[in-house]
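As a plain string of letters, each chain reads:
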Amino acid sequence: MPNILLTRIDNRLIHGQVATQWTSSIGANLLLVANDDVANNTFRQGLMDMAAPSYAQTRYWTIQKTIDTIHKASDAQKIFIICENPQDVLKLVEGGVPIKKVNIGNMHMSEGKRQVAGSVAVDASDVEAFEKLRNLGVELEIRKVPSMASEDVEKLFK
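Bear in mind that the values here come from a model prediction, so they are computed numbers and not experimental data.

Peer 1: Sorry, what's going on with the overall build of the protein chain here?
Peer 2: Within the protein chain, the regular secondary structure consists of six helices and eight strands. Scanning the protein chain from its N terminus toward the C terminus, one meets helices and strands in the order β-α-β-α-α-β-α-β-α-β-β-β-α-β. In summary, the protein chain has a C-alpha radius of gyration of 15 Å against a globular reference of 15 Å for 158 residues, a match within 12%. The burial tally for the protein chain puts 51% of its 158 residues in the buried class.

Peer 1: How should the environment of V33 be read in this particular structure?
Peer 2: Here V33 is to be found in strand β2 (residues 30–34). Its relative accessible area of 1% is what places V33 among the buried residues. For the pair V33 and T7, spaced 26 residues apart in sequence, the C-alpha to C-alpha distance is 9.8 Å. The contacts of V33, once residues within four sequence positions are left out, are L13, I14, V38, M48, R59, Y60, W61 and I82.

Peer 1: Explanation requested: the sheet that holds strand β8 (residues 139–142) in the structure shown.
Peer 2: Each strand in a sheet pairs with another by means of backbone hydrogen bonds, the pair being arranged parallel or else antiparallel. The strand order across the open sheet formed by six strands is β3-β2-β4-β1-β5-β8, and the pairing between neighbours is parallel. Each edge of the open sheet carries a strand with a single partner, namely β3 (57–61) and β8. Averaged over neighbouring strand pairs, the angle between their axes works out to 25 degrees when direction is ignored. As paired elements, β2 and strand β4 (residues 78–83) share four bridges and run parallel to each other. Paired with V33 across the bridge in β4 is I82.

Peer 1: Looking at this model, I keep getting lost on a nonpolar patch on the surface. Mind explaining?
Peer 2: Together, F43, L47 and M50 make up a nonpolar patch on the protein surface, roughly 380 Å² of accessible area in all. Position of M50 among the secondary structure elements: in helix α3 (residues 42–51). Relative accessible area serves as the criterion here: at 65%, M50 is assigned to the exposed category.

Peer 1: Explain the packing of helix α5 (residues 86–94) against helix α6 (residues 124–135) to me, please; I cannot follow it from the model alone.
Peer 2: For any two helices packed against each other, one specifies the inter-axial angle together with the distance between the axes. Axis separation between α5 and α6 bottoms out at 8 Å; the angle between their running directions is 30 degrees. In terms of orientation, α5 lies roughly parallel with respect to α6. Where α5 crosses over α6, the two elements pack in a sense that is left-handed. On α6, the residues that touch P86, Q87, V89, L90 and V93 of α5 are S125, D126, A129, F130, K132 and L133.

Peer 1: So what exactly am I meant to see when it comes to unusual backbone geometry here?
Peer 2: Only a minority of non-glycine residues have a phi that is not negative, and only a minority of peptide bonds are not trans. With phi around 60 degrees, L13 is a residue other than glycine that occupies positive phi space. Relative to the helices and strands, L13 resides in the loop between β1 (3–10) and α1 (16–26). For L13, a relative accessible area of 0% corresponds to the buried category.

Peer 1: Just checking my understanding: could you explain the pattern of salt bridges for this structure?
Peer 2: When the charged atoms of two side chains lie near each other, side chains of opposite charge can form a pair. For the coordinates displayed, the defined rule picks out ten salt bridges. Note that K101 and E139 form a salt bridge whose closest N and O atoms lie 3.9 Å from each other. With K101 in strand β5 (residues 101–106) and E139 in strand β8, this residue pair connects regions lying 38 residues apart in the sequence. Of the charged contacts in the structure, one is a salt bridge between E128 and K132, with a shortest N-O distance of 3.2 Å. Of the two residues, E128 and K132 both sit in helix α6, four residues apart, roughly one turn of that helix. For K132, a relative accessible area of 38% puts it in the partly exposed group. Among the charged side chains, a salt-bridge network with shared partners connects K101, E139, E141 and R143.

Parameters at a glance
Residues numbered from 1 in each chain as written. Predicted model: local features only at pLDDT ≥ 70, side-chain atom pairs only at ≥ 80, totals over all residues. Heavy atoms only, no water. Helix = DSSP H or I, 4+ residues; strand = E, 2+ residues; numbered from the N terminus. Rg over C-alpha atoms; globule rule 2.2 N^0.38 Å. Buried < 20%, exposed > 50% of the residue type's maximum accessible area, 1.4 Å probe, protein only. Contact = heavy atoms within 4.5 Å. Pairing = 2+ DSSP bridges. Axes fitted to C-alpha atoms, helices over the stretch in contact; angles between N-to-C directions. Patch = residues over 30% accessible without salt bridge, like charges linked within 9 Å, V, L, I, M, F, W, Y side chains within 5 Å. Areas by Shrake-Rupley, 256 points an atom, 1.4 Å probe, with all protein chains shown as cover. Salt bridge = Lys/Arg side-chain N within 4 Å of Asp/Glu carboxyl O. Parallel < 35°, antiparallel > 145°, perpendicular 65-115°, else oblique. Left-handed = near helix turned anticlockwise from the far one by under 90°.

This is the structure:
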């Protein structure tokens, strides 16, 4: 069973908050970005590698490679999965990745979305994915940084 400490939705993927605050607060030593676009974009990977803490390894895998490979993880790997959106997290869970908790950190506002928290905006597709995750027993929390209190996840569904 892979040692997944936390899964975070953050459309910026690896950046300052993820690299400095979240990784150290949960004790991760492996940052796994599960994202089809980034898995094939060495430029973006290079930028994220610069932001990643030196004590943690990085991996950039497609959603399918994550599903196919995560169960081969060593017990020593303390894994922090970072996804861009709830649809990708849902694909991972439905594919058998044992995700128990999802931290919803940053989902930018764009056309067709409504703001539900300071840094979280959702559309109908996002809400549907969150509902499915919750029905699959995945705990959801809205929290920007570890030092802040979690916000009410019911905001997502109103």
